[in-house]
Amino acid sequence: MDEFRELIDNLSSEDERERAFAVEDIVFDSVPGAIDLLIERLSIEPSRFVQEVIVNNLKTFKGLELVDKLLPLLNSDDAYIRNAIIDIVSCQDENAFSSIKALLSDPDKDVRKFAVDILFQLRSPYSAELIVTVLKDPDINIVITAVEYLGRLEATDYIAMINDIILNTDNLLLRCTCLEVMAVIGNQQSIETVRHLYAAHTSINQLELYSYLKFLATKGSEADLPLVFSLIKSKGKTMAKEIINTLQGILERASIEFLTPEIMSDLAAYIDSDINSINKYELLLFLADFQNEEILPILLKYAVSEEKLLCLGAVEGIGVLGKKEALPVLRQVKDTVSDSDILEAVDKSIENLDG
Amino acid sequence: MKILIVDDSEMIRNFHCYILKNAGFEVITAVDGADALEKLYGSDQQIDMAITDINMPNMDGYTFIERLREDSEYEDMPIVIVSTEDELKDMERGYQAGANVYIVKPTEPELLIENICMLLGK
Amino acid sequence: MELSIEDFISIRNLVYEHTGMHFGENKVYFFKKRLQKRMEIHGFSRVNEYIKYLKYFDRNGREFQELVNLLTVNETYFFREFSQLEVFAEVCLPEVLEKKKKSKDRSIKVFSAACSTGEEPYTLAIILREMLDDNECWDVKVKGVDIDENVLETARRGIYDKRAVKDVPPLYLEQYFSSSISGRFELKPEIRQMVSFEHVNLMDRKALRYEKNYDFIFCRNMLIYFDDASRKQVVERFYTMLNKGGLVFLGHAESMSRITTAFKVRRVNGYVVYQA
């Protein structure tokens, strides 16, 4: 026991290094009562470094004893400790479920929320089953969190409950969360629910529009295009990401070869507008999927841009479009640029056009 | 004006992005306090404010704020806490760490924008 | 190949979560090419199929590691990441030297993890030689470690070809290397004796336990190849090896944030360094 005595004493050494080594050795040497020793030290340890060493070493233990000793610390006043407990317990396996399940009905809403976080981070096939039980929690933050996690877990089995929640809530954030989850795991009923809820789309809340577009990106149809194009005019810059994803999703599913003249000119204007280069890059590449004759001139124009992403998008797009009359411009670009990514893309596109 | 949004929930990050972008701000996001510090120090662009959660893995919000305040470059940067923790002791802890404003979730968009504008002197 | 920005961001976040490596938007093409290589091998035609595979079916992280291997450029040569070394030489090192002069401490210790064939530790030795105003008065030790005994043998020989010295400033090449008839370059003894090499497995619990008082640790493009738990273990060791205020330098696309929060994040002339 003396050998252990020294180790245990070193846990309170003045030297950070010594304390850290003591933690490692206590675990490695299987000192009896290691879990208790470490948990006790975790709460009073002033050094973040040593706290992390304790947390990393506690993670090597498995089993109910550890879980049951840690869970009470979820009530700690120290945010680091609370979150460290979530971290450690999330590394456990399904044996921890029974203890965590009990916390789902804890009177403290914060503890209930932490339990949901742990269930999500455990990423077990049974996590969703338990998370679903808090969809009727009185605290709305917990409901919102649960919905988000069901989406992240792609828990399609429970979509009906989410279709129901969106119909029965006033809370903006919860509706947005439902929409974004329905974008991932939505079914036919989801599409009908959303159609019903947002029938008069002129009245959709500005903030909700973002989530609504995300839904349309995976579930929308050509009938939704007028709304998307109207948004290009009013929110083209702030909602660029969402708008572009939605356009791509809808037009891809529509499997069309030629864009209508209106869509063609709106897209051309969009690319010319004041949006970020990365968005223009994406749009240029996207255009190359269609056969309208206006597209090649647009790509040729941007192929000689000095901005890397614009040039790159255009050059790649030209390669996809496959029209041989673009070869002179490609060769010109090859002679003038030095960026390795662009040069590689140019070569690839020239190869596509030549072959 | 560029604002850093720090939250481990993707949905909250998204929602705060919508609120801020809608009001004309540029945003950059981080998944926890450690990621936030990395983005702040690793970015060559000026960041004008941080909006942070408290309970996050890796590095919680209080630690993030305290580390920021230790650096003279960031001792005056406006910081807003947005958290589910709603007790007085949590708010006191937040102000003690160095936050300027404490808002309880779920976020009320107008309230957030009001406070941001107030802090940025607009 | 179609890589929507949405998918690019997904994969980029996945890579960051697992390795701490971060890539800017201007790397979208770079990413796309490498993704395509891996997808072709598996027969995936859509990026989101590959992302799903990485998330849910890559049991032992092997596919992830293959992707990471492609995403990192694995060459080693003298003065690699030159501007980061400039920051070390012109800002960080002088700061440490000033402090040491005040406390009459005349030792400088620098550690190079995964030093391979020695280019990095020798580069650091050259920089130290250049930056220390009075070399006689400083006790300078540079230690390079690697798990591969073969590369260490090469490192100890200190002889390099043209490719390895391509970025060495001409003045230093002349001053610190002697060129041989075969066109190779040999480091002069004054640099070679500043550096020691040791065979170390960083995953060994006992490894480096007794090493301390280091001022700088260079660990560039190594941690990304480790899994989560191993990375934490290695970095823990770095912390115990460093003096208070000592600095860790990682590769320019790497970060500590997924590994530990024990270090203070500092920005020095546009570079992120980690301080104990």
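Whatever comes next refers back to the structure up there.
Residues numbered from 1 in each chain as written. Chains lettered and ligands numbered in written order. Predicted model: local features only at pLDDT ≥ 70, side-chain atom pairs only at ≥ 80, totals over all residues.

Caption draft 1: Up close: the overall build of chain A. Within chain A, the secondary structure is distributed over 22 helices and 0 strands. The dimensions of chain A, computed from C-alpha atoms along their principal axes, are 85 × 55 × 30 Å. Relative to its full complement of 355 residues, chain A shows a buried share of 44%. Taking as baseline every contact in chain A between residues at least 6 positions apart, the subset at least 24 positions apart corresponds to 66%. (Helix = DSSP H or I, 4+ residues; strand = E, 2+ residues; numbered from the N terminus. Buried ≥ 20, exposed ≤ 12 C-beta atoms within 10 Å, placed from the backbone. Contact = placed C-beta atoms within 7 Å.)

Caption draft 2: The sheet that holds strand S1 (residues 107–113) of chain C, seen in detail. All names here are of chain C. Sheet architecture is open: 7 strands sit in the order S6-S2-S1-S7-S8-S10-S9, paired in mixed fashion. In this open sheet, the two edge strands, each paired with only one partner strand, are strand S6 (195–199) and strand S9 (264–268). Going across the sheet, the axis of each strand differs from the next one's by a mean of 25°, ignoring polarity. Each of S1, strand S2 (139–146), S6 and strand S7 (214–219) touches helix H6 (residues 119–131); the most contacted strand, S2, lies at about 165° to it. (Pairing = 2+ DSSP bridges. Axes fitted to C-alpha atoms, helices over the stretch in contact; angles between N-to-C directions.)

Caption draft 3: How the structure looks around the pairing of strand S2 (residues 26–30) of chain B. Residue and element names in this part refer to chain B. Pairing geometry for strand S1 (residues 2–6) and S2, over 5 bridges, is parallel. Its bridge partner lying in S2, Leu4 is registered against Ile28. Taken together, S1, helix H1 (residues 10–22) and S2 constitute a β-α-β crossover, and its handedness is right-handed. (Right-handed = clockwise from strand over helix to strand, strands pointing away.)

Caption draft 4: Highlighting the nonpolar core. Counting 222 residues, the largest nonpolar core has Ile131(A), Val147(A), Leu150(A), Val315(A), Ile217(C) and Val248(C) as its most contacted members. Setting aside chain neighbours within four positions, we find Ile131(A) in contact with Val116(A), Leu119(A), Phe120(A), Ala146(A), Tyr149(A) and Leu150(A). (Core = buried A, V, L, I, M, F, W, Y, C linked by C-beta atoms within 7 Å.)

Caption draft 5: Structural detail: the interface of chain A and chain B. If you look at the interface, chain A gives 22 residues, while chain B gives 22 residues. For the side of chain A that touches chain B, the secondary structure elements donating two or more residues are helix H6 (79–89), helix H8 (109–122), helix H10 (140–152), helix H12 (172–185) and helix H14 (206–219) of chain A. Of all the elements, H6(A) adds the most residues to the side of chain A that touches chain B, at 6 residues.

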